[in-house]
Amino acid sequence: MQLSREELLRAYRSMCTIRQFEERVHAEFATGDIPGFVHLYAGEEASAVGVCMNLTERDSIASTHRGHGHCIAKGCDVAGMMAEIYGRKSGLCAGKGGSMHIADLDRGMLGANGIVGGGAPLACGAALTAKTLKTGAVAVAFGGDGASNQGTTAEAMNLASVWRLPVVFVLEDNGYAESTASAWSIGGDPLVRAEGFGIPGVRVDGHDFFAVHAAAGEAIARARDGGGPGFLHLKLARYFGHFEGDGMTYRAPDEVAKLRAERDCLKLFRRRVGEAQLLDDAALDAIEAEVAAEIEDATRRAKAAPMPSPADLLTDVYVSY
Amino acid sequence: MARKSFRQAVNEAIRQEMARDPRVIVMGEDIAGGMGAPGEDDAWGGPLGVTKGLMPQFGRERVLDTPITESGFIGAAAGAALTGLRPVADLMFVDFMGVCFDQIFNQAAKFKYMFGGKARTPLVIRTMYGAGFRAASQHSQCLYPLFTHVPGLKVVIPSSPYEAKGLMIEAIRDDDPVIFFEHKMLYDVEDEVPDEPYTLPFGEANLTREGDDATIVAFGRMVMLANEAADQLGAQGISCTVIDPRTTSPLDIETILEEVRATGRLVVVDEASPRCNMASDIAAQVAERAFEALKAPIRRVSPPHTPVPFSPALEDLYLPDVEKIISAVRAVMAAGGRKAA
Ligand SMILES: Cc1ncc(C[n+]2csc(CCOP(=O)(O)OP(=O)(O)O)c2C)c(N)n1
Ligand SMILES: [Mg+2]
């Protein structure tokens, strides 16, 4: 394990922020104050953070409809995200995007995406920019098990292989696409698919931050060094429904409770750093308290923030028209 | 200034912009050609030779052949535009939009708005359109109304080599996604085209004929036919204004309204299928804003609501032509039922 104490603290803070952000959005959504569709990332934190800890601001990621975790892991402002989810003018996208379209190009966050499978070609484009301009940057395409069956994913992987792009495809296999099990929907083995495109891949326990971090680190370093694309198949789980309001009748009755008890990425992280005596409980508890205050502040500010004005309806369609 | 074909005009525009700006790259299927093959490099220079010579000059790093993967490479072009390049991607035939439209209308077109104004997507998608090539239903359509419908896209339809060069340079320098329509029947048409780079602004119509009796609006290849119709009518004592809007989004509706107010009669010639096409859009806007000026009902000259047929006998019947335009103008001239207020 080569992570410094600072990096470990940063990783835990980032995972905690995602968890608490999502738990809060879950609670607030239930009050009816949050408009629209919201897909929560809780349970999958080790993926976003394990991958993005290997990236810098110059690197890009393309995200999914379940994008809050990717945004936070890539450094998006939490208050700006919360305001966006509430549709406020102070939101990261001025209230015009919402949960499914949060983006922050200055941080290389190319957008959550309302279209399943929409992001992988865009990540190839960011990788093409890096390759053409020789910036040394890489791109990561996050996608779910559902997205892995889209033609765009296959096209993007082939293109990345043919053009030898510095891009890593991260398949977040949380077991379901809406109510449909990935065990049923994915024909064959995703690793073999990647291999078929000539892309080296590895399957990783997506609850284990350290395993994700190491595997992603390897693929990202190879891509950065001109070694071409990589692929990760992460097995993980979401804690909430597909969207807020989903009764999850398709899951086993005790499934989520068991996952929370036995496979929770935050608990696994704490146990691991505790056993190795890398971080003590006090330091981790302090982070949790700080994050709680940050989320509380972000939520309070979002609720109080002004809505966009009527004039905002017509702006930002074009650079010039 | 020299006579150049439409094909040469587009080639020269891209070449000059590539020389000027290292961020301009070109990609598409067989855009250079011969990738991985034992024969010549730059074997095709694009399906109809429009990009011939770019690869030898700028190299494979800036002239990228792609696999047949429109979602993949159109999406990659959008992502590259979002992150700092200025890609010119070739969607061969616009009929192929069906396999990649998501990347255009849900992704590229919406970045700026969805992201609260912070994105720039300087992307050009070149694409061939139009009937007359005996290319049948899946290689002949005029799908620009579908793109015009989408906020966030700009849609350019050059009618001549001169327009093609100026509008292509404008498209490459523009910071929004632009769909650039090239009529496959226009590639060998020649025109005087300046050697030096120049731009033609979007959203500014060009009057190719000026007259007092009727206004004809036409797009792309139809402008040539409208000019011919106007010339023949002129010889018979009916003088027409012909408007080439050059771009459908933005659309210079003000110039159209002004000319309709002057002549009181409007014919719109549009090669696209008749339902929800540019002709119906313009007719609606004119009816809404200049109804009082109209001396006769607006006439639209468009193909019937059918796929493009293959047989030359049927395709010729399908397409608008000079005769059909002339008879539409005669019809609006004859319809004297309503006096201008
Ligand atoms: C092209 C497209 N098809 C369908 C949908 C509706 N939809 C939204 S999310 C989703 C499931 C996606 O599953 P997965 O990729 O596994 O991601 P997860 O929700 O599990 O994170 C579906 C079908 C969509 N948004 N886009
Ligand atoms: Mg899933």
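Check the entry above for the structure.
Rules used throughout
- Residue indices follow the written sequence of each chain, beginning from 1 at its first position.
- To read the labels, note that chains go from A and ligands from 1, taken in the order they are written.
- Thresholds applied to this predicted model are a pLDDT of at least 70 for local features of residues and 80 or more for the giving and counting of side-chain atom pairs; totals over whole chains, interfaces and linings are not thresholded and use all residues.
- Each side-chain value is worked out from all heavy atoms of the structure, with water and hydrogens disregarded.
- The rule for pairing is simple: two strands pair if DSSP sees at least two bridges between them.
- Helix and strand assignments come from DSSP, with helices taken as H or I runs of at least 4 residues and strands as E runs of at least 2, each series counted from the N terminus.
- In this analysis, axes come from line fits to C-alpha atoms, helices being fitted only over the stretch in contact, and the angle between any two N-to-C directions falls in the range 0 to 180 degrees.
- Only protein chains enter the accessibility calculation, which uses a 1.4 Å probe. A residue is then buried if its area is under 20% of the maximum for its type, exposed if over 50%, and partly exposed in between.
- Throughout, a residue-residue contact means that at least one pair of heavy atoms, one from each residue, lies within 4.5 Å.
- Should a side-chain nitrogen of Lys or Arg be within 4 Å of a carboxyl oxygen of Asp or Glu, the pair is scored as a salt bridge.
- Counted as donors are the N, O and S atoms within 2.8 Å of the metal, or 3.2 Å for Na, K and Ca, while water is not among the atoms, so some sites may look incomplete.
- Each cavity reported here is a set of points on a 1 Å grid over the protein atoms alone in which a 1.4 Å probe fits but cannot get out, each pocket an open set with protein on both sides within 12 Å along at least five of seven lines, and each lining residue one with an atom within 4 Å of a point.
- Grid points are joined across faces, edges and corners, and a volume is the space filled by probe spheres set on the points.
- The classification used treats Ala, Val, Leu, Ile, Met, Phe, Trp, Tyr, Cys and Pro as nonpolar, Asp, Glu, Lys and Arg as charged, and all other residues, Gly among them, as polar.
- Roughly parallel refers to an angle under 35 degrees, roughly antiparallel to one over 145, roughly perpendicular to one between 65 and 115, and oblique to any angle outside these ranges.
- Accessible-area loss on putting two parts together, using a 1.4 Å probe and summing over both, is the definition of buried area adopted here.
- Here a polar contact is recorded for every N or O atom pair within 3.5 Å, except that within protein the pair must consist of a potential hydrogen donor and a potential acceptor, and residues adjacent in sequence are included only if both atoms are side-chain atoms.

**Looking at the sheet that holds strand E3 (residues 167–173) of chain A**
Residue and element names in this part refer to chain A.
Step number 1: Pairing is parallel in the open sheet, where five strands are placed in the order E1-E2-E3-E7-E6. The open sheet has two free edges, formed respectively by strand E1 (60–62) and strand E6 (201–205), since each of these has just one partner strand. With direction set aside, neighbouring strand axes in the sheet form an average angle of 20 degrees.
Step number 2: Direction of pairing for E6 relative to strand E7 (residues 230–235): parallel, over a ladder of five bridges.

**Quick word on helix H4 (residues 78–85) of chain A**
Residues and elements named next belong to chain A.
Step number 1: Most of H4 sits out of view: eight of its eight residues are buried.
Step number 2: In this structure, the buried side of H4 is in contact with helix H1 (5–30), helix H3 (68–73) and helix H12 (281–304).
Step number 3: In the stretch just after H4, Gly87 is the one whose phi turns positive, near 75 degrees.

**Looking at the pattern of salt bridges**
Step number 1: Applying the stated rule across the entire model yields 43 salt bridges over all chains.
Step number 2: The shortest N-O distance in the salt bridge between Arg224(A) and Asp59(A) comes to 2.8 Å. Residue Arg224(A) is located in helix H9 (residues 209–224), and its partner Asp59(A) is located in the loop between helix H2 (45–52) and E1; the two are separated by 165 residues in the primary sequence.
Step number 3: For Arg224(A), a relative accessible area of 31% corresponds to the partly exposed category.
Step number 4: With a shortest N-O distance of 2.6 Å, Glu12(B) and Lys165(B) are connected by a salt bridge. With a gap of 153 residues between them, Glu12(B) in helix H1 (residues 6–20) and Lys165(B) in helix H7 (residues 161–173) connect regions that are remote in the sequence.
Step number 5: When its relative accessible area of 17% is taken as the criterion, Glu12(B) is described as buried.
Step number 6: Each of the salt bridges in this network shares a partner with another, and the network as a whole consists of Arg24(A), Glu28(A), Glu296(A) and Lys303(A).

**What about the coordination of the magnesium ion (ligand 2)?**
Ideal values for angles at a metal depend on the geometry: 109.5 degrees with four tetrahedral donors, 90 or 180 degrees with six octahedral donors.
All names here are of chain A.
Step number 1: The protein atoms that coordinate the magnesium ion (ligand 2) are Asp145 (OD), Asn174 (OD1) and Tyr176 (O), at distances spanning 2.0 to 2.1 Å.
Step number 2: Here the donor residues of the magnesium ion (ligand 2) share one chain and are spaced in sequence as D-x28-N-x1-Y.
Step number 3: Residue class for Asn174 comes out buried when judged on its relative accessible area of 7%.
Step number 4: The class for Tyr176 is buried, based on a relative accessible area of 14%.

**Section: empty space enclosed by the protein**
Residues and elements named next belong to chain B.
Step number 1: Scanning the model with the defined rule gives two cavities of 30 Å³ or more in all.
Step number 2: By volume, the largest cavity is sized at about 60 Å³.
Step number 3: For the largest cavity, the full set of lining residues is Gly46, Pro47, Leu48, Val50, Thr51, Asp90, Met92, Arg126, Thr127, Met128, Glu182 and Tyr187.
Step number 4: Sorting the residues of the lining of the largest cavity by element identifies strand E4 (86–93) and strand E5 (124–129) as the ones contributing at least two each.
Step number 5: Of the residues forming the lining of the largest cavity, the biggest block, three residues, is contributed by E5.
Step number 6: Residue classes in the lining of the largest cavity are distributed as six nonpolar, three polar and three charged.
Step number 7: Taken as a whole, the second largest cavity encloses approximately 40 Å³ of empty space.
Step number 8: Here the lining of the second largest cavity is built from residues that sort into six nonpolar, two polar and four charged.

**Quick word on the packing of helix H3 (residues 70–82) of chain B against helix H4 (residues 101–108) of chain B**
Residues and elements named next belong to chain B.
Step number 1: Here H3 crosses H4 at 25 degrees, and the two axes come no closer than 8 Å. Judged by the angle between their axes, H3 and H4 are roughly parallel. Taken together, the residues of H4 that come into contact with H3 (itself represented by Ser71, Ile74, Gly75 and Ala78) are Gln103, Ile104 and Ala108.
Step number 2: In the contact of H3 with H4, the residues fall into four nonpolar, three polar and no charged.

**What about the interface of chain B and chain A?**
Step number 1: Between chain B and chain A, the contact holds 46 residues from the first and 40 residues from the second.
Step number 2: When the buried area of chain B at its contact with chain A is split by residue, Tyr113(B), Met114(B) and Phe115(B) rank highest and sum to 19% of it.
Step number 3: If you look at where chain B meets chain A, you find one salt bridge.
Step number 4: One salt bridge in this structure joins Lys134(A) and Glu61(B), with 3.2 Å as the shortest N-O distance.
Step number 5: The tally of links between chain B and chain A comes to 22 residue pairs in polar contact (both at pLDDT 80 or more).
Step number 6: Elements with a minimum of two residues in the side of chain B that touches chain A: strand E2 (24–28), strand E3 (63–65), H3, H4 and helix H5 (111–114) of chain B.
Step number 7: Per-element tally for the side of chain B that touches chain A: the top contributor is H3(B), with ten residues.

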